Amino acid sequence: MNTRFLKFLYIFSALLIIQSCKKSGCTDPNALNYDIDAQKDDNGCLYEDYDKLSLLTNLADNYIIPSLDAYKSKIITLNIHVDSFIENPNISNLTLLRTNWEEALLNWQDIGFLDFGPSEYILLRKQTNTFPIDTTELNNFITLADWNLDYASSYDSKGLQALDYLLFKPGHLESELITYFQNNTNAKNYLKAVAEDLNQNINYVTNQWVTYREDFINDFEVTQSNFSTNSQGSSISNIINALCLHYEFYVRRGKVGLPLGVFNGFSQLELPELVECYYSGKSTQNLVRSINSLRKYVTGSSYLNNDNGLGLDDYMDFVNAEQSTQQLSTVIDNQFLTILDEVNNINGPLSEEIINNKSQITQTYQELQQLVPYIKVDMTSALGVLITYQDNDGD
Amino acid sequence: MTGINKWITHLTKNQVSIYPLVVFRIVFGILMFFSTLRFILKGWVHDLYEVPTYFFTYYGFDWVSPLPNPFMYVLFLLLLITCIFIIFGLFYRANTVLFFIIFTYIELIDKTNYLNHYYFISLISLLLILIPANSYFSLDVYFGICKRKKTIQAWQINIIKLQIGLVYFFAGISKLNYHWLLEAQPLINWLKHQSDFPVIGKLFLYDFTAYLFSWVSAIFDIFIFFLLIDKRSRWISYFVAFVFHIMTAIMFPIGVFPYVMIASTLIFFNDNFHKKIIYFISKYGLLNSSKSIEEKNNYQTKTNSVLKFFLIGFFTLQLFLPLRFMLYPGKLFWTEQGYRFSWRVMLIEKAGYSQFYIHEPKMDRKMLIQNRDYLTPQQEKMMSTQPDMILQYAHFLSKTFKDSCLVESNGEIIKMGRNPKITADITVSLFNKGSRKFIDSEKNLSEIKRGFGNKEWILDYED
C-alpha cells in the first residue's frame with residue numbers, strides 16, 4: 001500500500017466519519033488526519049510514515065560526509081604546513097602550523113561521535129585524539145628514532161594531542177621550540193609521521209564512506225537479517241550507540257569529569273593535567289565546539305549551512321517521546337543550550353579554571369551529567385534502540 | 001460428585017494413545033538441540049558465562065556459579081548430547097534428568113539472562129522426567145531397555161498440556177492491565193519502528209493497529225488453551241497461534257521462543273495426527289520399533305502417591321507464582337516485585353541509568369563507582385531497572401571494598417571498614433514516559449537485607 005492510497009483512504013473515511021458522527025475523530029494535532037472538530041479520540045490517528053531513509057540520507061549527505069570531508073581537508077592543509085615548518089623552522093611557519101593544528105582539532109570535534117562503520121573499524125577516535133599523551137614514550141620514540149604508529153600501544157603518543165605537546169612543548173619559548181626542531185631531525189621526522197598518520201586514517205574513512213553510504217542509508221545489515229529495524233547493527237542503532245558512548249565517556253567524562261576529579265576516588269582531587277590540549281590550553285574552545293556539533297547533529301542540521309533537516313529530534317517527535325510533560329526533543333535541546341550557557345561562562349583553559357573557578361566547572365559538569373539519562377535512557381528507548389554492546393535475546 | 005470423579009479419572013487414569021507424547025519428545029529434543037547450538041555459535045557461552053566477573057544469582061541459589069573455562073563449553077556440549085539421546089529415546093530417563101539439571105543450572109547462574117521461555121524449558125524438562133515418552137518409537141524400546149507401550153495414562157500427557165495452558169493463560173491475564181489495554185503500551189511504541197514490516201507494515205502507523213494487536217493478543221492468550229483442547233476449534237486455533245508466533249518472531253528479537261510454542265502446542269492434536277507423523281518418520285527407516293514385546297495394558301497401574309503429591313504441589317506453585325505480585329504494594333511494572341516466573345512476556349518498555357557511590361566511613365565523602373569495571377553492558381542495563389539486582393550489586397560493591405585500604409592520588413589512605421555504605425542515583429523510564437528517580441538515593445543499600453520482603457526504598461511511581 002502506498003502512502004497516496006492511504007491518504008485517499010483517510011480522507012475518504014474522514015469524510016464518512018465527519019458526516020456520520022461529528023464529535024469523534026483524531027485529536028492529535030501531529031497526525032496527518034488531525035480533526036480540529038473532533039472532541040473524542042477514536043484511535044484512528046494516521047501518522048506520516050517516519051521516513052528513515054530520508055533521515056539517514058540527510059544525516060549522511062548533509063552532516064556526516066561533509067564533516068568528514070571538512071576534517072580531511074584540514075588535515076591535508078595541516079600536512080602542508082608541517083612540511084614547510086620542517087623545511088624551514090621559523091616563527092612564522094610555527095605560528096601558521098599552530099593555527100592549522102588548532103583548526104584541524106576543532107574540526108575533529110565535529111566528527112568524534114561518528115565512531116561507527118569505517119571509523120569504528122580503524123578506531124579513528126583512539127588513533128586521532130587520545131589524551132593525555134604519554135610524553136615519556138613519545139620522547140623515547142624521538143630519542144631512539146624508533147617508532148611504529150600502527151601499534152595500539154602508540155595510540156597515546158600520536159594524533160592531534162601529540163601535536164599539542166610537540167608544538168607547545170612545556171618550558172619552551174617559541175624561539176627555543178624552533179631551535180629544538182632545527183637541531184633534531186628525529187623530532188622533525190616524528191612530527192611528519194604523526195601528521196601523515198592522521199591523513200592516512202581519515203583518508204581510509206572517507207574512501208570507505210563512498211561505498212558505505214549506500215549500506216548506511218539502506219540499513220544494509222538489518223535488511224540482510226530481519227525486519228526488526230533499529231535493532232542491533234541497524235544504522236539508527238549505530239549512530240545512537242556511537243553518540244551516547246562518545247558523549248558519556250569522551251565528552252562528559254574525558255573532557256570535563258576526569259580532570260575535575262569526579263572520578264578520582266574519595267578526595268575528588270582535581271587532575272588538571274588530564275584535560276584535552278593541556279599544553280596549548282585550547283581545551284575550552286574544543287569543549288564548546290563538541291557540544292555545538294553534537295547539537296547540530298541531533299537536530300539534523302546541515303553541516304555546511306545549518307539548514308534544519310530531518311534529525312533524531314524529528315524522530316523523537318514522531319514517536320511522541322516526552323519527558324516530564326514536555327517533548328523529549330525540546331528537553332534535550334534545552335539541555336544542550338543550558339550546557340552551552342555554562343561552558344560559555346568559562347573564560348580560560350580548563351586546566352586552570354578547574355583550580356581557580358571550580359564551582360563553575362562543577363556546575364558545567366552537573367549540566368553535562370544531566371543530559372546523559374535524557375539521551376541514554378529516554379532517547380534510546382523512544383527510538384527502540386538497545387544500548388548494549390552485546391548480542392542477546394529478549395522477551 | 002460421581003460426575004466430577006469420572007471427569008478426573010478421565011483426565012488422569014484413562015488410557016490414551018502414546019503418540020502425541022512421542023512426537024512431543026522428538027520435537028522438543030530437536031528444538032533444544034538447535035537452540036543450544038545457536039546459543040553456542042552466537043558466542044554467548046563466552047559472552048554470558050566467561051566474560052562477566054560478577055553474576056546475579058537468585059535468592060537462595062547463591063551457591064550457583066559458572067564452571068571455569070572451558071567447562072562451560074563442556075556443559076553445553078553435554079546438553080547437545082542429551083538432546084540427541086532424548087530425540088532417539090535412548091537412556092531417556094537419565095538424559096531428561098541430565099538435561100533438566102544442566103539447563104536449570106545454567107539458567108540459575110545469572111538472572112541477567114532470565115527469559116520466560118528458558119523457565120518454560122526447565123519446567124517442561126522436569127515434567128518429561130516423570131513421563132514415559134520413550135515407551136514407543138525409541139531406541140530404549142528397540143534395545144529392550146524399556147517395555148513398549150501403545151497407551152499411557154492420561155495424566156502423562158495432560159500435565160504437559162496443562163503446563164502449556166498455564167503459560168498462555170497467565171500471559172493473557174498479565175496483559176489485562178491499564179497500560180496494555182487502554183494505552184496499547186508498549187506495542188504502540190514498538191510498532192512505530194516497524195513500518196517496513198512486509199505487506200502490513202504501513203498499518204503499524206495507525207495507533208488503532210497497536211490497540212488491535214494488544215486486545216487480540218490478550219484475548220488470544222487467555223482463550224487459546226480452551227480452543228486447543230476442543231477438537232472443533234483445534235485446527236483454526238492452531239493456525240491462529242502459528243501466525244501469531246511467526247509474527248512475533250519476525251518483529252521482535254525474542255530468539256527461539258515462538259518456535260518453542262509453535263512446536264509444543266502440536267501436543268494438542270489427536271492421536272491420528274501424531275500417528276501420521278510417526279509413520280512418516282519411520283517410512284524413512286529412521287527408527288523401527290516393532291520387534292519388542294508389548295506391555296499389556298494395565299489399567300490399574302498404581303500412580304505413585306509421592307508423584308501425585310509432587311504434581312499437585314508443582315501446579316499449585318505454578319498457580320501461585322504468577323499471582324504473588326498481589327502480595328506487594330506499589331506498581332508492579334515499576335517495582336518488578338513478583339515479576340519473574342509469571343509469564344509476563346513483552347509487557348514493559350523500561351530503561352534505566354544508574355550511578356553507585358561508595359562512602360567513606362564517618363565522613364561525607366563518596367566515590368563514584370564505574371559500573372563498567374564490574375559489570376558487562378547487558379548486566380548493567382538489566383540491573384539498572386530491577387531493584388533486586390540493584391541491591392545485589394550494592395552488596396557486591398560493599399563486599400568488594402570491605403576492609404580494604406584505598407590509596408588516593410594525593411597519597412591519602414582511606415580505610416573502608418567492615419561494611420562500607422553504598423548509595424545509588426538511579427533514573428528509570430517506563431513506557432517512554434520520561435525518566436524519573438527510581439530509588440531513594442540517600443538509602444544505604446549495603447544495610448538492607450535481601451529477600452522477598454517489600455522494598456520500601458523504591459520510590460513511588462507518579463503518573
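The rules behind these values
Residues numbered from 1 in each chain as written. Chains lettered and ligands numbered in written order. Predicted model: local features only at pLDDT ≥ 70, side-chain atom pairs only at ≥ 80, totals over all residues. Heavy atoms only, no water. Helix = DSSP H or I, 4+ residues; strand = E, 2+ residues; numbered from the N terminus. Buried < 20%, exposed > 50% of the residue type's maximum accessible area, 1.4 Å probe, protein only. Contact = heavy atoms within 4.5 Å. Areas by Shrake-Rupley, 256 points an atom, 1.4 Å probe, with all protein chains shown as cover. Pairing = 2+ DSSP bridges. Phe/Tyr/Trp six-rings, centres within 6.5 Å; stacked < 30°, edge-to-face > 60°. Lys NZ or Arg CZ within 6 Å of the ring centre and 35° of its normal. Axes fitted to C-alpha atoms, helices over the stretch in contact; angles between N-to-C directions. Parallel < 35°, antiparallel > 145°, perpendicular 65-115°, else oblique. Left-handed = near helix turned anticlockwise from the far one by under 90°. Nonpolar A, V, L, I, M, F, W, Y, C, P; charged D, E, K, R; others polar. Patch = residues over 30% accessible without salt bridge, like charges linked within 9 Å, V, L, I, M, F, W, Y side chains within 5 Å. Salt bridge = Lys/Arg side-chain N within 4 Å of Asp/Glu carboxyl O. Polar contact = N/O pair within 3.5 Å; in protein donor to acceptor, adjacent residues only side chain to side chain. pLDDT = per-residue confidence, 0-100. Core = buried A, V, L, I, M, F, W, Y, C linked by side-chain atoms within 4.5 Å.

A. Fine view of the overall build of chain A. Looking only at helices and strands, one finds 16 helices and four strands in chain A. Taken over 395 residues, chain A has a buried fraction of 57%. Contacts in chain A between residues far apart in sequence, at least 24 positions, make up 69% of those at least 6 positions apart. With the model as given, the accessible surface of chain A reaches about 16400 Å², and the carbon-plus-sulfur share is 49%.

B. Summary view of the pairing of strand β7 (residues 422-430) of chain B. Residues and elements named next belong to chain B. Burial analysis of β7 places eight of its nine residues in the buried class, which makes it a mostly covered element. Where strand β3 (residues 350-359) lies against β7, nine bridges are found, and the strand directions are antiparallel. Within the sheet, the bridge partner assigned to A351 lies in β7 and is S429. As judged from the two bridges shared by β7 and strand β8 (residues 436-437), these two strands associate in the antiparallel manner. When the bridges of β8 are listed, V428 appears paired with R436.

C. Structural detail: the packing of aromatic side chains. Residues and elements named next belong to chain B. Inspection of the entire model under this criterion finds 60 aromatic pairs over all chains. When the centroid spacing of 4.8 Å and the interplanar angle of 65 degrees are considered together, the rings of W334 and Y461 count as edge-to-face. Separated by 127 residues along the polypeptide, W334 in helix α16 (residues 332-335) and Y461 in the segment after β8 bring together distant segments of the chain. Exposure class is identical for W334 and Y461. Each is buried. Through a chain of ring-to-ring contacts, the aromatic side chains of Y54, F56, F356, Y374, Y393 and F396 assemble into a single cluster. Above the plane of the ring of W180 lies K175, whose end atom (NZ or CZ) is 5.3 Å from the centre. The ring of F325 is capped by R344, whose NZ or CZ atom sits 4.8 Å from the centre of that ring.

D. Structural detail: the environment of W101 of chain A. Residue and element names in this part refer to chain A. In this fold, W101 is placed in helix α3 (residues 91-111). With relative accessibility at 0%, the residue W101 sits in the buried group. Expressed as a C-alpha distance, the spacing of W101 and D61, which sit 40 residues apart in the sequence, is 26 Å. Once residues within four sequence positions are removed from consideration, W101 is found in contact with L78, L160, L163, D164, L167, F168, C277, S280 and K282.

E. The arrangement of the packing of helix α2 (residues 19-41) of chain B against helix α4 (residues 71-88) of chain B in detail. All names here are of chain B. Orientation of α2 relative to α4, taken along the N-to-C sense of each, is 160 degrees, at an axis distance of 8 Å. Considering the angle they form, α2 stands roughly antiparallel to α4. As for the relative orientation of α2 and α4, their crossing is left-handed in sense. When α2 is examined against α4, the residues R25, I26, G29, I30, M32, F33, T36, L37, F39 and I40 are found in contact with a partner set consisting of Y73, F76, L79, L80, C83, I84, I86, I87 and F88. Considering only residue class, the contact of α2 with α4 consists of 16 nonpolar, two polar and one charged.

F. Layout of a nonpolar patch on the surface. All names here are of chain B. Where nonpolar side chains cluster on the molecular surface, the patch consists of Y178, L182, W215, I219, F223, F226, L227 and I229 and spans about 810 Å² of accessible area. Take the nonpolar patch: its biggest share by element is six residues, from helix α11 (residues 207-229). Mapped onto the secondary structure, W215 falls in helix α11. The class for W215 is partly exposed, based on a relative accessible area of 42%.

G. Focus on the side chain of S264 of chain B. In this fold, S264 of chain B is placed in helix α13 (residues 257-264). In this structure S264 of chain B touches F24, F120 and I164 of chain B, once residues within four positions along its chain are discounted.

H. Representation of unusual backbone geometry within the structure. With omega at 0 degrees, the peptide bond leading from F131 of chain A into P132 of chain A counts as cis. Structurally, P132 of chain A is set in the loop between α5 (124-128) and α6 (135-144). A positive phi is found at L123 of chain A, a non-glycine position, where the angle reads about 55 degrees. Structurally, L123 of chain A is set in the loop between α4 (118-121) and α5. Backbone geometry places W343 of chain B, a non-glycine residue, at a positive phi of 60 degrees. Structurally, the position occupied by W343 of chain B is in the loop between α16 and β3.

I. Spotlight on the side chain of H359 of chain B. Examined against the element boundaries, H359 of chain B turns out to sit in strand β3. Among the polar contacts made by the side chain of H359 of chain B, one reaches the side chain of T423 of chain B at a distance of 2.7 Å.

J. How the structure looks around the confidence of the model for chain A. All names here are of chain A. Taken residue by residue, chain A gives an average pLDDT of 86. The fraction at 70 or more is 82%. Counting interchain partners and residues more than four positions distant, the pLDDT-below-50 stretch residues 8-22 has nine contacts. In this model, residues 223-228 is a region of pLDDT below 50 whose contacts with residues beyond four sequence positions or in other chains number twelve contacts.

K. Layout of the sheet that holds strand β4 (residues 366-368) of chain B. Residues and elements named next belong to chain B. With antiparallel pairing, four strands are arranged side by side in an open sheet as β4-β3-β7-β8. Each edge of the open sheet carries a strand with a single partner, namely β4 and β8. Relative to β4, β3 runs antiparallel, the two being bridged by three bridges. Residue pairing in the sheet places I358 in a bridge with M367 of β4. Strand contacts of helix α18 (residues 387-401): β3, β4 and β7, with the helix running at about 25 degrees to β3, the strand carrying the most contacts.

L. Focus on the nonpolar core. Formed by 145 residues in total, the largest nonpolar core has its most connected members in I160, F356, Y393 and L445 of chain B. For this core, the element with the highest residue contribution is α2 of chain B, accounting for twelve residues. Among residues more than four places away in sequence, those in contact with I160 of chain B are F24, I124, L127, L128, I131 and I267 of chain B. Of all hydrophobic cores here, the second largest spans 109 residues; its members include Y63, L191, F216 and C244 of chain A.

M. Examining the pattern of salt bridges more closely. Across all of its chains, the model carries 25 salt bridges over all chains by this definition. The partner of E360 of chain B in a salt bridge is R365 of chain B, and the shortest N-O contact between them spans 2.8 Å. Through salt bridges with shared partners, a single network forms among D61, R213 and E214 of chain A.

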